[in-house]
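Residue-level listing of the chains:
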Amino acid sequence: MEKTPKWIDVGLIPLLNLLIAFVISGIVVLLIGENPVQAIKVMIDGALGSPYGWGYTLFYATNFIFTGLAVAVAYHASQFNIGGEGQATLGGLGVALVCLAFPWPHWSIALLAAMIGGALFGAAWAAIPAYLQAKRGSHIVITTIMFNFIGASLLNYMLVNVLRPRGSMDPATARFPKSTYLPTFHDMPLIGQFFGKSVPANISFFIAVLACFLVWGLIWRTRLGYAIRAFGRSESAARYAGISPVKIVMAAMLISGALAGLMAINNVMGTGHRLVLNSVEGAGFIGIAVALMGRNHPFGVFLAALLFGFLYQGGGELALETTIPRELITVIQALVILFTGAFDNMLRAPIESFFVARANAKKEA
Amino acid sequence: MDFATIIELLDSAVRLGTPLLLACLAGLFSERAGIFDIGLEGKMLMAAFFSAAVAAVTGSAWLGLLAGIGGAMSLTLVHGLASITFRGNQLISGVAVNFLASGFTVLIAQSWFQQGGRTPQLSGNARFEPITLPGADAVKDVPVIGQIYDNLLSGHTILVYVAFAMVPLTWWVLFRTRFGLRLRAVGENPESVDTAGVSVIRLRYTAVAITGVLSGLAGTYLATGLAAGFVKEMTAGRGYIALAALIFAKWRPVPALGATMLFGLLEAISNRYPNIDLGVVNLPIQFMQAVPYILTVVILAGFIGKAIPPRAGGQPYVKER
Amino acid sequence: MSAADQTNAGRQATAALGAKEAATPAKVPAIELKGISKAFGTVQANKDIAIRVMPGAIHGIIGENGAGKSTLMSILYGFYKADKGEIWIKGKRTQIPDSQAAISAGIGMVFQHFKLVQNFTVLENIILGAEEGALLRPSLAKARKELKRLADEYELNVDPDEKIEELSVGHQQRVEILKALYRQADILILDEPTGVLTPDEADHLFRILDFLRKEGKTIILITHKLREIMEITDTVSVMRRGEMTATVKTSETSPEQLAELMVGRKVLLNVTKTKANPGDTVLEIEDLRVRDEDKVERLKGINLTIRAGEILGIAGVAGNGQSELLEVLGGFANGTGTIRVNGQDLDLTGKHSDGQSRRARGIAHVPEDRHHLGLILDFMAWENMIFGYHSDPAYQKNPLLMDNAGIIAHTASAMERFDVRPPIPTLPAKSFSGGNQQKIVLAREIERDPVLLLVGQPTRGVDIGAIEFIHKRIVELRDQGAAILLVSVELDEIFALSDRIAVMFDGQIMGERLPEDTNEKELGLMMAGVAT
């Protein structure tokens with residue numbers, strides 16, 4: 001059975017797809033009468049040209065690592081979790097409740113508790129769609145979309161009617177106690193001197209990196225990960241091996257939801273210091289692009305999250321420095337999803353048949 | 001609550017339900033042909049922008065309508081290419097379509113009008129104006145029937161009447177024509193169509209083209225009928241509610257009318273009464289807003305009547321054997 | 001007689017048949033295929049196939065699964081394009097690029113898996129693609145009238161307003177036949193039409209086919225069931241491994257001859273094995289019944305026993321319940337009845353009726369379909385080497401992590417012992433040849449020292465060198481005292497390995513024989529359901 005070399009599959013094709021997405025984005029920039037080369041310069045300067053830029057790029061990347069991992073883990077069990085947005089929203093609620101519940105003596109203890117809170121709430125929000133998929137065959141894509149909206153409504157209700165401090169008009173929680181503030185890059189030894197006070201990147205970034213390693217270990221080094229991958233590749237073979245579909249779908253989705261929920265330690269606990277409406281800002285959806293781009297491998301997810309962090313920060317700078325709105329990033333994101341996801345066969349089919357033909361020719365020669 | 005208030009609420013439900021209805025019927029054609037479409041939101045948004053933009057520039061709502069349909073159609077083509085020609089993942093393609101519309105509309109709006117991602121306010125012929133049905137003024141003082149005729153039935157834009165006419169028309173096309181028979185067949189079992197010597201690919205492209213037209217109408221109504229111009233993200237999840245209504249209606253046109261009007265009514269009620277006190281419980285506005293989604297999950301779970309999607313939905317057709 | 005001899009014999013038979021018909025020049029064949037060849041990648045599915053069928057005849061095509069029958073018919077119906085060859089319909093060379101062309105040429109096809117829309121009525125299914133105009137009403141009215149006529153003429157009664165999903169399988173098939181007749185097909189191809197039918201329904205189908213023949217329709221019947229060929233066809237072609245090995249008049253052949261042509265003989269199988277020395281009973285099956293998703297009974301009361309140190313071979317034509325037997329024993333299909341292993345009952349439904357529980361009871365399973373069951377093709381060899389046993393604590397480095405390095409080392413040595421080439425544990429399973437893939441599965445299952453080994457089609461798609469090796473290993477396991485259930489459609493393999501042979505037909509055991517007391521002829525009759 002001839003197959004294309006691995007570097008084609010995980011290297012060349014994704015890069016070509018990315019290239020197409022960027023070329024089309026460049027054309028869009030031209031269409032709106034701006035200079036794409038200039039735009040890229042502004043983005044690189046703004047996102048990578050200074051510690052300030054890096055501070056934001058890594059902050060955004062942290063969000064995307066969590067949501068990208070969430071999509072990737074579910075994907076290994078052949079589940080398309082499109083509900084990262086809602087799970088991260090609920091994760092925010094969990095983190096906020098933990099932070100406000102108790103006058104925490106030290107940020108480290110608060111962080112541990114908040115991680116548990118965020119992960120639990122995120123997992124809970126994935127649990128119902130997962131259960132309905134596993135037991136009743138309800139399409140998980142539709143149910144997770146619905147749960148995104150239900151989650152938004154729930155958060156809205158909690159902020160307006162329950163958690164809003166008396167007298168405040170803002171639909172937001174009270175400020176978290178100072179003792180829960182996480183150390184930012186500025187507060188850290190060694191690197192602190194490079195980063196300014198206002199830099200949002202914080203210790204959550206390192207937790208996100210740790211999560212990459214843990215997910216990698218889970219998927220490729222544990223029994224559960226083995227079963228998840230086996231189920232995701234071949235449901236019939238999994239049944240032969242005695243792997244329970246219900247258990248796998250539940251486990252994968254709970255872990256996925258927990259990862260999405262963990263994002264809240266970065267955006268809620270790390271910088272916002274209070275929970276506001278729409279604190280997730282679409283990061284749950286970007287997770288889809290990140291996972292697709294990263295071929296569902298934690299290392300790939302890490303790289304793709306950095307790329308999108310760069311795009312996000314660069315896009316923000318673009319909006320400040322030029323007349324290009326930051327929505328350009330949404331377009332790039334859409335094109336990345338389109339070409340690396342939905343249009344994958346466009347390049348893959350001809351490239352693969354080229355390699356198969358070449359391999360056959362070699363064999364005959 | 002007096003009668004006039006009820007009429008007002010229903011009138012509002014019709015207005016708010018119309019874009020849902022058009023989008024729902026749009027989705028119906030696509031999904032009945034076996035192409036899942038979670039990109040209705042994006043198509044509506046694209047249509048909303050292009051209709052408003054062209055209407056603003058030309059001063060003609062009708063030209064706006066054409067542009068709106070064109071905008072939705074371009075995304076339909078993307079989705080069709082991904083799902084039919086390249087046999088890609090229809091859900092991923094739908095997600096991409098939504099983001100594409102979300103970003104692209106603001107980008108172009110800013111470039112064309114420099115008003116922070118919106119179009120200029122539309123007025124006069126650039127909007128679809130309400131139509132007064134014949135004799136509405138004459139009977140408006142007749143109690144009940146006159147009020148219903150004048151306030152509820154009369155006074156909507158042409159697109160509302162088109163939307164309502166689309167319901168029996170869709171039913172008729174689906175269940176009384178050759179095209180409808182083939183369309184339903186290709187969504188249930190494309191092999192049955194293929195072995196009967198009919199092209200699966202052409203059928204499916206035709207179906208998604210109709211989806212493009214109808215979602216174009218839906219978006220155009222949003223921007224030039226319901227509102228007076230485009231603002232960013234103005235669809236605000238209506239594409240997903242339409243999707244929910246489609247599931248709720250079990251992919252049938254007449255129940256689709258019921259579902260979308262119900263969801264329209266829910267929106268009308270929550271706009272008017274932020275909190276509903278039922279004595280025992282106090283229903284907050286957020287709950288009312290979430291009801292369509294909650295209902296859809298309940299339906300999908302099969303607790304009250306199982307919603308079975310077209311059997312071949314979501315799977316690219318690969319000729320086998 | 002070698003395979004080549006048989007092919008020659010077949011060609012001569014075909015030539016003889018052709019010569020006879022050429023003598024009556026008035027008759028033009030309804031359908032004639034010349035030199036049809038089709039390859040998928042490196043697999044030659046059809047090789048230089050020639051057939052001619054006269055109008056008003058029923059022509060059978062018989063062969064095992066994978067012999068290339070369905071590919072041939074798909075070419076005739078425009079699903080595939082032949083690499084080489086010509087199709088002649090009623091004396092005219094015809095191109096069939098798509099199904100539309102096949103329909104216009106008067107070809108109607110009844111597929112093995114019906115191409116019906118489940119929630120449509122019979123009438124709607126019939127007119128689909130053959131509507132009269134843009135509106136349905138006139139087409140439906142016309143079809144209703146036509147249907148009544150056809151029903152009267154051919155005993156093809158179905159309620160035109162019933163939904164397909166409400167119909168029995170037999171009636172659904174009638175709808176398929178009606179679809180073809182409504183399109184005025186005069187050449188009707190039926191692909192394994194009785195596979196899903198009860199005997200009564202099958203008899204009815206044959207009556208219908210007989211009517212159709214009398215009306216002058218030409219029928220091609222594809223099947224692997226000898227009884228059907230003998231019962232209804234006028235002429236029959238035998239296919240084996242993509243080639244047409246013979247075409248004969250049905251009246252001039254016998255089931256035994258056909259069985260021989262069909263199964264064929266490989267290079268003589270050399271298995272050196274001593275006489276079995278059976279010990280205690282390991283496996284007891286009593287009144288085992290299994291229903292499939294459509295509620296059709298696939299196993300109809302199986303009774304079997306196997307003792308330690310004994311190989312029981314299950315002979316039979318594919319599709320007679322062997323797969324279901326393996327599935328229920330392997331724990332991934334539910335059943336009713338009793339199965340005991342070493343005197344203890346197995347759960348046949350519920351939580352403990354799964355692969356894990358079976359393995360815990362010492363049941364190992366080399367499944368029939370290694371691509372969809374036995375292996376995960378994207379997984380590397382070492383990952384596949386523990387598939388199904390992955391929960392074994394022996395494969396854990398610590399309670400958390402798996403001992404990947406240990407498993408890789410274990411795999412490397414197992415690959416050495418089982419002569420898997422190339423012996424690289426990190427290669428994905430899909431990169432190995434069929435024989436080497438099978439050795440990976442075999443190594444995994446045999447090295448667990450099971451008390452009972454289930455083996456399905458151990459050498460399907462396996463090269464000759466590997467066959468010998470695999471057979472040797474199975475016999476060795478028997479000599480170590482395991483009970484072995486062997487399912488194979490290859491009679492040679494059954495004879496070479498089995499200590500006892502049970503023949504399965506239509507979900508039942510037709511009888512048991514000792515290999516030394518029987519021969520292929522007798523087994524062939526039992527496999528065809530005509531002897532017990």
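Residues numbered from 1 in each chain as written. Chains lettered and ligands numbered in written order. Predicted model: local features only at pLDDT ≥ 70, side-chain atom pairs only at ≥ 80, totals over all residues.

- For chain C, an unreviewed UniProt entry supplies the name Heme ABC transporter ATP-binding protein and the organism Thioclava indica.
- Its UniProt record, at the heading Sequence similarities (unreviewed entry), says of chain C: "Belongs to the ABC transporter superfamily." (UniProt positions renumbered as here; feature names shortened; annotations may be inferred.)

- In the annotation of an unreviewed UniProt entry, chain A is listed under the name Sugar ABC transporter permease and assigned to Thioclava indica.
- We quote the UniProt Subcellular location (unreviewed entry) comment for chain A here in full: "Cell membrane".

## Considerations on the overall build of chain C
Step number 1: Counting its secondary structure elements, chain C contains 18 helices and 20 strands.
Step number 2: For chain C, the C-alpha radius of gyration of 25 Å lies close to 24 Å, the compact-globule estimate for 532 residues.
Step number 3: Projecting the C-alpha coordinates of chain C onto the three principal axes gives extents of approximately 75 × 50 × 45 Å.
Step number 4: Across the 532 residues that make up chain C, the buried fraction comes to 49%. (Helix = DSSP H or I, 4+ residues; strand = E, 2+ residues; numbered from the N terminus. Rg over C-alpha atoms; globule rule 2.2 N^0.38 Å. Buried ≥ 20, exposed ≤ 12 C-beta atoms within 10 Å, placed from the backbone.)

## So, the sheet that holds strand 15 (residues 344–345) of chain C
Residues and elements named next belong to chain C.
Step number 1: Taking strand neighbours across the sheet as the criterion, the four strands line up as 12-11-14-15 in an open arrangement whose pairing is antiparallel. Edge positions in the open sheet fall to strand 12 (297–307) and strand 15, since each of these has one partner strand only.
Step number 2: Note: strand 11 (residues 281–291) against strand 12, eight bridges, orientation antiparallel. Counterpart to R291 in the pairing with strand 12 is E297.
Step number 3: Each of strand 11, strand 12 and strand 14 (336–341) is contacted by helix 10 (residues 322–330), which is oriented at about 65° to strand 12, the strand it contacts most. (Pairing = 2+ DSSP bridges. Contact = placed C-beta atoms within 7 Å. Axes fitted to C-alpha atoms, helices over the stretch in contact; angles between N-to-C directions.)

## Section: the sheet that holds strand 7 (residues 187–191) of chain C
All names here are of chain C.
Step number 1: Ordered by their spatial adjacency, six strands build an open sheet running 6-7-8-3-9-10, and the pairing between neighbours is mixed. At either end of the open sheet lies a strand with only one pairing partner, and these are strand 6 (107–110) and strand 10 (243–249). Along the sheet, successive strands turn relative to each other by an average axial angle of 15°, direction set aside.
Step number 2: Pairing analysis gives six bridges linking strand 9 (residues 235–240) to strand 10, with the strands arranged antiparallel. The partner of M239 across the bridge, within strand 10, is M244.
Step number 3: Strand contacts of helix 2 (residues 69–76): strand 3 (58–63), strand 6, strand 7, strand 8 (218–223) and strand 9, with the helix running at about 150° to strand 7, the strand carrying the most contacts.
Step number 4: The strands touched by helix 6 (residues 169–182) are strand 6 and strand 7; relative to strand 6, the strand with the most contacts, the crossing angle is about 170°.

## Examining the interface of chain B and chain A
Step number 1: Between chain B and chain A, the contact holds 37 residues from the first and 36 residues from the second.
Step number 2: Taken together, the elements giving at least two residues each to the side of chain B that touches chain A come down to helix 4 (90–113), helix 11 (238–248) and helix 13 (285–300) of chain B.
Step number 3: The element best represented in the side of chain B that touches chain A is helix 4 of chain B, accounting for 15 residues.
Step number 4: Grouping the constituent residues of the side of chain B that touches chain A by class yields 23 nonpolar, 13 polar and one charged. (Nonpolar A, V, L, I, M, F, W, Y, C, P; charged D, E, K, R; others polar.)

## Remarks on the domain arrangement of chain C
All names here are of chain C.
Step number 1: The domains assigned to chain C are domain 1 (3–106 + 186–263) and domain 2 (281–527).
Step number 2: Taking only C-alpha atoms into account, the centre of domain 1 sits 35 Å from that of domain 2.
Step number 3: Each partner contributes to the interface: domain 1 provides 10 residues, whereas domain 2 provides 10 residues.
Step number 4: When grouped by side-chain class, the residues that make up the side of domain 1 that touches domain 2 number three nonpolar, three polar and four charged. (Domains from an automatic or database assignment.)

## What about the interface of chain A and chain C?
Interface size is commonly expressed as the accessible surface area that is lost when the partners come together.
Step number 1: Counting from both sides, the interface comprises 16 residues of chain A and, opposite them, 26 residues of chain C.
Step number 2: Breaking the side of chain A that touches chain C down by element, the ones donating at least two residues are helix 8 (223–233) and helix 9 (235–241) of chain A.
Step number 3: Considering only residue class, the side of chain A that touches chain C consists of seven nonpolar, four polar and five charged.

## Things to note about helix 15 (residues 434–446) of chain C
Residues and elements named next belong to chain C.
Step number 1: The terminal C-alpha atoms of helix 15, which comprises 13 residues, lie 18 Å apart, in line with the 18 Å expected from a rise of 1.5 Å per residue.
Step number 2: Across the 13 residues of helix 15, 12 count as buried, placing the element largely inside the fold.
Step number 3: Considered for burial, the residues of helix 15 that qualify are G435, N436, Q437, Q438, K439, I440, V441, L442, A443, R444, E445 and I446. (Expected span 1.5 Å × (residues − 1).)

## Quick word on unusual backbone geometry
Step number 1: In this chain, R421 of chain C is followed by P422 of chain C through a cis amide linkage whose omega measures -10°.
Step number 2: Inspection of the secondary structure assignment puts P422 of chain C in the loop between helix 14 (404–417) and helix 15.
Step number 3: The backbone phi angle of A236 of chain B is positive, close to 45°, even though this residue is not glycine.
Step number 4: Within the secondary structure, A236 of chain B sits in the loop between helix 10 (200–226) and helix 11.
Step number 5: One non-glycine residue with positive phi stands out, namely Q457 of chain C, at about 40°.
Step number 6: Structurally, the position occupied by Q457 of chain C is in the loop between strand 17 (452–456) and helix 16 (464–479).

## Comments concerning the packing of helix 3 (residues 61–85) of chain B against helix 10 of chain B
Residue and element names in this part refer to chain B.
Step number 1: The N-to-C vectors of helix 3 and helix 10 enclose an angle of 140°; their axes lie 7 Å apart at closest approach. What the angle tells us is that helix 3 and helix 10 run oblique. With respect to the hand of their crossing, helix 3 and helix 10 are arranged in right-handed fashion.
Step number 2: Taken together, the residues of the contact of helix 3 with helix 10 break down into 11 nonpolar, 13 polar and one charged. (Parallel < 35°, antiparallel > 145°, perpendicular 65-115°, else oblique. Left-handed = near helix turned anticlockwise from the far one by under 90°.)

## Some details on the pairing of strand 8 of chain C
Residues and elements named next belong to chain C.
Step number 1: Burial analysis of strand 8 places six of its six residues in the buried class, which makes it a mostly covered element.
Step number 2: Residues T218, I220 and I222 of strand 8 are buried on one face, and the alternating residues I219, L221 and T223, pointing to the opposite face, are buried as well.
Step number 3: Summarising the sheet, strand 3 and strand 8 pair through five bridges and their orientation is parallel. Residue pairing for strand 8: I61 is matched across the bridge by I222.
Step number 4: The pairing of strand 7 with strand 8 spans five bridges and is classified as parallel.

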